[in-house]
Amino acid sequence: MKDRIKLIKPYISFDEVSTELEEIFDSGQLTKGQHVAKFVKSLTDYTGSLYAVPMTSATTALTMCLKALGIKKGDKVAISDFSFPATANVVEDVEATPIFIDVDQDTYNMSVDDLRSKIDDKVKAVIFVDALGSPSGIDKIKSVCEEFGLPLIEDAACAIGSSVNGVKVGAIADLTCFSFHPRKLLTTGEGGAILTNNQEYATWLDMKANHGASGLRGKVFDFIDFGYNYRMSEIQALMGWKQVAKLDGITERRNIIADQYAEALEPLGMKRQKIAEGVYHNIQSLIFTVPETVKRDDLIDYLAEHNIESTLGTYCLSGTTFYANKYKAVQPTAHWLENHTITLPCYDGVCVNTVSTVINSFFSSQIDD
Ligand SMILES: *Cc1c(COP(=O)(O)O)cnc(C)c1O
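Our subject in this report is the structure included herewith.

## Quick word on helix H3 (residues 58–68)
The buried fraction of H3 is high, at 9 of 11 residues. Buried within H3 we find Ala58, Thr60, Ala61, Leu62, Thr63, Met64, Cys65, Leu66 and Ala68. The N-cap of H3, judged by a side-chain oxygen 3.2 Å from the amide nitrogen of Thr59 a few residues on, is Ser57. Directly beyond the C-terminal end of H3, a positive phi value near 75 degrees is found at Gly70.

Given below as C-alpha cells:
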C-alpha cells in the first residue's frame, strides 16, 4: 500500500541532535542548562523581541499572560472566534468572560469592526489569533487596542516565522504566545513560549514559571511568591534552537508548495486564505475554502479514501458545545468558515500533484452526480 500522505511532518531529525543529546545525557543536566538559554536567545534574536520565557505549552503561556495582566472574575476578554478552543479556555480558566469577536471572511482573522462594536468598560484585554499562522490585520487591531488602552495578547501558537511589514511575530503585540506542539511547524514535542518587550512582565512570568523563585536568600533560592513549574527541559530546548536556525528556509519552501497548490486548485473554485498586504505567512497550515456547491466533509472523506490526510480549517469557538450552551453567541462568519474550509498536507516533499489530482477527480465526480 502507498504511504499515507500526512498533514505535516516535523522538521527535525535524530542526526541533527544526536551529538548534543549524548552530551546532555552524559552531563546529567537535563533542565535549566545551556540549551534552554540558547533557545531563549535564538527566539529573541530571531523575532527581535527583547524577552522570551519558555513555557510548557501555548495554553499555559496564554493563561500566564492573562494572569500577568491581572485579568480576573468579572473581566471580559475579547478573543478571535476562529481558533483552537485553548484561546477561549484560558479565559474561562481565570474566571473571566470570553467575548467572541467574529472574523473576516477572507483572512479568517479578527474583524476590526466587530471588535469596536463589542468593546465596553468590562473588556480588559484582547487576544488576537494568527489564524493558521497568518497575522493579517493585527496592525489594525493593535491601533484599536492603543486607542482604548487595552493590552494586546497575540495567540501566535501557529505563527512563528510570520511577519508584518518586516516585523516578526513576537515583536508586535504586548505579549505573544508560541506553541511547539507537534502539529505546529516548529516542535519540541510539547512546549511553548511567551515573547514580550516588557521587562516587568518577563521577570514576573519567569519567576512564576519557576516556583516563585527569584534570586537568592543567603545561599538558597528566595521564593518571593507562590508559583508553578512550567519549565522546559534541555532536550526540548535543543530541538527548539536547532529548528529556529532553519525557520526561514522552512517557511520559504512551504510558501512555494502553497503557490503550487493554489495554481492547481483555484481553477476549481477553491479559495486560498487571503494574506493582507505587507504580511508574510509561514504557511503553518494551508487552508482553502471550498465552493458552496461541494460538501467539505465529503471532500475530506474522499481524500482519506485515497490515503491523504486533511482536516477542517479550524474551529468556531462560540459554536463548540460548551461555549454555545454557556454564552449562546455563535458568530456567523467563524461558523461558516468552520464548515467550508479544508487544511491540506503541506511539508517538504509532499506531492502536490497527487493531492490536486485526487481533488480534481472529486470535483469531476460531483459534476457527474
Ligand atoms: C495549537 C494551538 C493552541 C494550543 O497550543 P498548545 O501548545 O498545544 O497548548 C492555542 N491556540 C491556537 C491558535 C493553536 O493553534
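## A look at the packing of aromatic side chains
Applying the stated criterion across every chain yields a total of 13 aromatic pairs. Judged by centre distance (6.1 Å) and plane angle (70 degrees), the ring pair of Phe226 and Tyr228 falls under edge-to-face. Between Tyr228 and Tyr230 the ring centres are 5.0 Å apart and the planes differ by 0 degrees, which places this aromatic pair in the stacked class. Just above the ring of Tyr46 sits the side chain of Lys168; from NZ or CZ to the centre is 4.3 Å. Across the ring face of Phe226, the terminal group of Lys208 is positioned such that the distance to the ring centre comes to 3.5 Å.

## Overview of the sheet that holds strand E8 (residues 167–168)
Taken together, the 3 strands give an open sheet; going across it, the order is E8-E7-E14, and neighbouring strands pair in antiparallel fashion. Strands with a single pairing partner mark the edges of an open sheet, and in this sheet they are E8 and strand E14 (279–280). Of the strand pairs in this sheet, strand E7 (residues 163–164) and E8 are connected by 2 bridges, and their pairing is antiparallel. If you follow Ser163 over to E8, its bridge partner there is Lys168.

## Some words on the site of the ligand
Lining the immediate environment of the ligand, one finds 15 residues, of which Ala58, Thr59, Asp155, Ser179 and Lys184 sit closest. Between an oxygen atom of the ligand and a main-chain N or O atom of Ala58, the distance comes to 2.9 Å. One nitrogen or oxygen atom from the side chain of Asp155 is found 2.8 Å from a nitrogen atom belonging to the ligand. Using a 2 Å cut-off from the grid points, one finds that the ligand occupies the largest pocket.

## Side note on the pairing of strand E15 (residues 286–289)
Residues of E15 alternate between two faces, with Leu286 and Phe288 on one and Ile287 and Thr289 on the opposite face, all of them buried. As judged from the 4 bridges shared by E15 and strand E18 (residues 341–344), these two strands associate in the antiparallel manner. Following the sheet pairing, Ile287 is matched in E18 by Thr343.

## A short note on the sheet that holds E15
Strand pairing in a sheet takes place through backbone hydrogen bonds and is either antiparallel or parallel in direction. Across the sheet, which stays open at both edges, the 4 strands sit in the order E13-E15-E18-E16 with antiparallel pairing between neighbours. With one partner strand each, in any of the chains shown, strand E13 (271–272) and strand E16 (311–312) form the two edges of the open sheet. For E16 and E18, the ladder comprises 2 bridges, and the chain directions are antiparallel. Its bridge partner lying in E18, Thr311 is registered against Thr343. The strands that helix H10 (residues 296–305) touches are E16 and E18; relative to E18, the one it contacts most, it runs at about 20 degrees. Those strands touched by helix H12 (residues 332–340) are E15, E16 and E18, and its axis lies near 50 degrees from that of E18.

Criteria and cut-off values
Residues numbered from 1 in each chain as written. Predicted model: local features only at pLDDT ≥ 70, side-chain atom pairs only at ≥ 80, totals over all residues. Heavy atoms only, no water. Buried < 20%, exposed > 50% of the residue type's maximum accessible area, 1.4 Å probe, protein only. Helix = DSSP H or I, 4+ residues; strand = E, 2+ residues; numbered from the N terminus. Polar contact = N/O pair within 3.5 Å; in protein donor to acceptor, adjacent residues only side chain to side chain. Phe/Tyr/Trp six-rings, centres within 6.5 Å; stacked < 30°, edge-to-face > 60°. Lys NZ or Arg CZ within 6 Å of the ring centre and 35° of its normal. Pairing = 2+ DSSP bridges. Near = heavy atom within 4 Å. 1 Å grid on protein atoms, 1.4 Å probe; cavity = no way out; pocket = protein on both sides within 12 Å on 5 of 7 lines; lining within 4 Å. Sits in = over half its atoms within 2 Å of the grid points. Contact = heavy atoms within 4.5 Å. Axes fitted to C-alpha atoms, helices over the stretch in contact; angles between N-to-C directions.

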